[in-house]
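What follows is the residue order along each chain.
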Amino acid sequence: MTLEAGECPNGHVSYPTHPRCPECGEPQEDTHDLSGQTAEVVTWTKSTATPPGVRQPNTLAIVEFDVDGEAVRALGQVTTEEIGTGDEIEPVHVEELRDPDVGLKSENPESQEWGGYRWDPV
């Protein structure tokens, strides 16, 4: 699983990548790997009523990466409940963001990728 932002020829950067730029419609031909960068927490929340298979409580944050001067925001789970606006985070890869044996895809868990990134305070 990658954590990549896409960039079009006009310099617009967005996450996740898109076939065409959400701002101008040009193809997104370049990508930027965000997995080795840090970002800043813009806002966060704690969900206590989570879908089946998702940890409870589930702390989520919108974070902002700086990609060549462009602000790129992403939403993701946080590794801890100790998070605040303005905190610096780094992405960490985890094998399972949710339990593959619970929920709609539980009968065929290999049909979906369960891994991804969480935000870990620096």
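Given the structure is predicted, the values throughout are model-derived calculations rather than measurements.

Caption draft 1: Fine view of the pattern of salt bridges. Considering all chains together, one arrives at two salt bridges under this definition. Here Glu81 ties to Lys46 by a salt bridge, and the two come within 3.0 Å at their closest N and O atoms. Here the residue Glu81 occupies a position in the loop between strand 6 (70-78) and strand 7 (88-94), and Lys46 occupies one in strand 4 (residues 39-47), the gap between them amounting to 35 residues. The residue Glu64 makes a salt bridge to Arg73 at a minimum N-O spacing of 2.8 Å. The exposure class assigned to Glu64 is partly exposed, which follows from its relative accessible area of 29%.

Caption draft 2: Region of interest: the environment of Glu96. Structurally, Glu96 can be placed in the loop between strand 7 and strand 8 (116-121). The exposure class assigned to Glu96 is partly exposed, which follows from its relative accessible area of 44%. Sequence separation of Glu96 and Pro52 is 44 residues, and the distance between their C-alpha atoms is 14 Å. Not counting the four nearest positions on each side in its chain, Glu96 is found in contact with Trp114, Gly115 and Arg118.

Each value, and the rule that gives it
Residues numbered from 1 in each chain as written. Predicted model: local features only at pLDDT ≥ 70, side-chain atom pairs only at ≥ 80, totals over all residues. Heavy atoms only, no water. Salt bridge = Lys/Arg side-chain N within 4 Å of Asp/Glu carboxyl O. Helix = DSSP H or I, 4+ residues; strand = E, 2+ residues; numbered from the N terminus. Buried < 20%, exposed > 50% of the residue type's maximum accessible area, 1.4 Å probe, protein only. Contact = heavy atoms within 4.5 Å.

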